[in-house]
Amino acid sequence: MKHPLSVTEAIALIPDGSTIMIGGFMGVGSPLSLIKELVRQGKKSLCVIANDTAQEGAAIGLLIDAHSVKKVIVSHIGTNPETQRQMIAKELEVELSPQGTLAERVRAGGYGLGGILTPTGVNTLAAEGKQLVEVDGESFLLERPLKADFALIKAQQSDYYGNLKYRLTAQNFNPLMAMAAKHVIVEVEEMLPVGCIPPDDVHTPGVLVDMIVKSEAKA
Amino acid sequence: MNGKEIIARRIAQEITPGSLVNLGIGLPTMVAHYVDKNDHVFFQSENGVIGIGGFPEGMENPSLTDAGGSFIGVLPGAAAFDSAFSFGLIRGGHLDMTILGGLQVDEKGHLANWIIPGKMVPGMGGAMDLVAGAKRVIVAMTHTAKGNAKVVESLAFPMTAERRVDLIVTEKAVIQPTEDGLLLKELGPGCTLDEVLDLTDATLIIPDNIPHMQI
């Protein structure tokens, strides 16, 4: 059984300088209570792996605003002018990865693969510094796996084993990240007794989840 | 009818019943308004859903948005999934069509739409995967931006993918990139050939008879 920790207790376990994956897509499916607590505890020099940095003042954008992040690995920063400003001012390192490639790199990290071969980005700027591999006459980029010290993810429901169920488009990167980090902290909207989530409905099995936190954010 | 509506209406005609279609953020989203409901087209959003339809006025669900972060509705029969699966659909040849915006398209049919070096670095998001993987790629863009042509001889900005796009639809013209170059297929409502040539910085292949868009 895993009894929910407070947001403060869970985030206190994350050292400055950690590499953390954060679920969500433009803030949808992001663990907002955990993000706010990272800011409140004044974490520094984080490397954040996520789909995007949302907007200024919102979700992962809060970490950018607070200068908590030294590097992001994301698919776009177009919706957050502050991320662009910090990148241009060299306060923040930005590694852009095509979205489908980013998802597969996280999946590869969690699935124990040495990388993935994708046609996406061949002969574009996204291919710089990457190995080109030919398979049956077709060209692919070798993209390396991503792993993290912590994954901060968001689910709709958890039972006390940590079995998780996500909701609609709030799923996005969350189940992939649950596989790819040493420590997985999930923020949930609803806690249920063990057995209340039918096996077919479990998206992420509880064995992958280390800590559960009840969301303090309004959905 | 404004330019964007012309573009959206014309592209809607390209969509076949029952197909799986991804609409980019902005102008491409408008295309859905002009598709017949009885065609049962499946609209995908790369953040993880098939079956977008209607707008949930007063019934917004914070866990249901499109890739632009806007609240959406879904139709009965919709499906939700994670990002790896979503891009498996895109990259794996399961997506019939992607409709996306563009900064420029050149004579080879290469699209640029994710970065203006030194000025604007929004990032590629899902665009590189979409152009590389969709069965058919349609670029929806205004013919010019601030008076500058967007159909050009060669790209001034880094390209999104090596793959040649299948069709360019602007308010002034429908242009089909081919192995031999850019083929002018149709003129916009009320447009003349001279006007299109004047607003285009690329060589166009001009057939004897060029119809106007029927919209």
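Residues numbered from 1 in each chain as written. Chains lettered and ligands numbered in written order. Predicted model: local features only at pLDDT ≥ 70, side-chain atom pairs only at ≥ 80, totals over all residues.

Q: Can you help me understand the interface of chain A and chain B in this one?
A: Taken together, the contact between chain A and chain B spans 37 residues of the former and 32 residues of the latter. Of all the secondary-structure elements, those providing two or more residues to the side of chain A that touches chain B are helix H4 (81-88), helix H5 (99-111) and helix H6 (174-180) of chain A. Broken down by element, the residue count for the side of chain A that touches chain B peaks at five residues, all from H5(A). A breakdown of the residues in the side of chain A that touches chain B according to their chemical character gives 19 nonpolar, 15 polar and three charged. (Contact = placed C-beta atoms within 7 Å. Helix = DSSP H or I, 4+ residues; strand = E, 2+ residues; numbered from the N terminus. Nonpolar A, V, L, I, M, F, W, Y, C, P; charged D, E, K, R; others polar.)

Q: Would you explain the confidence of the model for chain B in this entry?
A: Interpreting fine coordinate detail is not advised for predicted regions of low pLDDT. Chain-level statistics for chain B give a pLDDT mean of 96 and a share of 100% at 70 or above. Interface predicted TM-score (ipTM) for the complex: 0.96; the corresponding pTM is 0.97. (pLDDT = per-residue confidence, 0-100.)

Q: Help me understand the pairing of strand E14 (residues 181-187) of chain B in this model?
A: Walk down a regular strand and you will see the side chains alternate between the two sheet faces. Residues and elements named next belong to chain B. As paired elements, strand E13 (residues 173-178) and E14 share six bridges and run antiparallel to each other. By the bridge assignment, Pro177 is partnered in E14 with Leu182. Hairpin connection from E13 to E14: two residues lie between these consecutive antiparallel strands. Strand direction decides the pairing type here: E14 and strand E15 (residues 204-205), joined by two bridges, are parallel. Within E15, the position partnered with Leu182 by the bridge is Leu204. For the crossover that starts at E14, traverses helix H4 (residues 193-198) and ends in the parallel E15, the hand is right-handed. (Pairing = 2+ DSSP bridges. Right-handed = clockwise from strand over helix to strand, strands pointing away.)

Q: I would appreciate a short explanation of the sheet that holds strand E6 (residues 132-135) of chain A in the present structure.
A: Hydrogen bonding along the main chain pairs the strands of a sheet, whether they run parallel or antiparallel. All names here are of chain A. Spatial strand order, E5-E7-E6: three strands in an open sheet with antiparallel pairing. With one partner strand each, in any of the chains shown, strand E5 (116-118) and E6 form the two edges of the open sheet. On average, adjacent strands in this sheet sit at an angle of 45 degrees to one another, irrespective of strand direction. With four bridges joining them, E6 and strand E7 (residues 138-143) adopt antiparallel strand pairing. Of the residues in E7, the one forming a bridge with Val133 is Phe140. Across the sheet, H5 is in contact with E5 and E7; its angle to E5 comes to roughly 165 degrees. (Axes fitted to C-alpha atoms, helices over the stretch in contact; angles between N-to-C directions.)

Q: Before we go on, may I ask you to explain the nonpolar core in this structure?
A: Within soluble globular proteins, side chains that are nonpolar tend to cluster in buried spots. The biggest cluster of nonpolar side chains holds 121 residues, and the ones touching the most others in it are Met21(A), Val48(A), Ile60(A), Ala151(A), Met177(A) and Ala140(B). Broken down by element, the residue count for this core peaks at six residues, all from strand E8 (residues 148-159) of chain A. For Met21(A), the residues in contact, after removing those within four places along its chain, are Ile49(A), Ala50(A), Val106(A), Ala148(A), Ala151(A), Met177(A), Ala180(A) and Ala181(A). (Core = buried A, V, L, I, M, F, W, Y, C linked by C-beta atoms within 7 Å. Buried ≥ 20, exposed ≤ 12 C-beta atoms within 10 Å, placed from the backbone.)

Q: I would appreciate a short explanation of unusual backbone geometry in the present structure.
A: Negative phi is the rule for most residues except glycine; trans is the rule for most peptide bonds. Residues and elements named next belong to chain A. In this structure, Ala59 is a non-glycine residue whose phi angle is positive, near 45 degrees. Among the residues examined, Ala59 registers 26 C-beta atoms within 10 Å and is labelled buried. In the Ramachandran plot, His67 falls in the positive-phi region, its phi being about 55 degrees despite a non-glycine side chain. Counting through the fold element by element, His67 comes out in the loop between helix H3 (60-65) and strand E3 (69-74).

Q: Any chance you could explain the packing of H5(A) against helix H2 (residues 83-91) of chain B here in plain terms?
A: Helix-helix packing: each pair is described by the crossing angle between the helix axes and the interaxial distance. Where H5(A) meets H2(B), the axes come as close as 9 Å, and the angle between the chain directions of the two elements is 130 degrees. Relative to H2(B), the element H5(A) is oriented oblique. In this structure, H5(A) meets H2(B) at a crossing whose hand is left-handed. Facing H5(A), whose interface residues are Gln99(A), Gly100(A), Ala103(A), Glu104(A) and Arg107(A), H2(B) presents Ser83(B), Ala84(B), Phe87(B), Ile90(B) and Arg91(B). For the contact of H5(A) with H2(B), the residue count by class is four nonpolar, three polar and three charged. (Parallel < 35°, antiparallel > 145°, perpendicular 65-115°, else oblique. Left-handed = near helix turned anticlockwise from the far one by under 90°.)

Q: Can you help me understand the environment of Ile90(B) in this one?
A: The topology assignment puts Ile90(B) in helix H2. Ignoring sequence-local partners within four residues, the contact set of Ile90(B) consists of Gly100(A), Asn22(B), Glu46(B), Leu95(B), Asp129(B), Leu130(B), Gly133(B) and Ala134(B).

Q: Sorry, what's going on with the sheet that holds strand E3 (residues 49-52) of chain B here?
A: All names here are of chain B. In spatial order, the strands read E4-E3-E2-E1-E5-E8-E12-E13-E14-E15; together these ten strands make up an open sheet with mixed pairing. Of all the strands in the sheet, the pair left with one neighbour each is strand E4 (74-80) and E15. Summarising the sheet, strand E2 (residues 42-45) and E3 pair through two bridges and their orientation is antiparallel. The partner of Ser45 across the bridge, within E3, is Val49.

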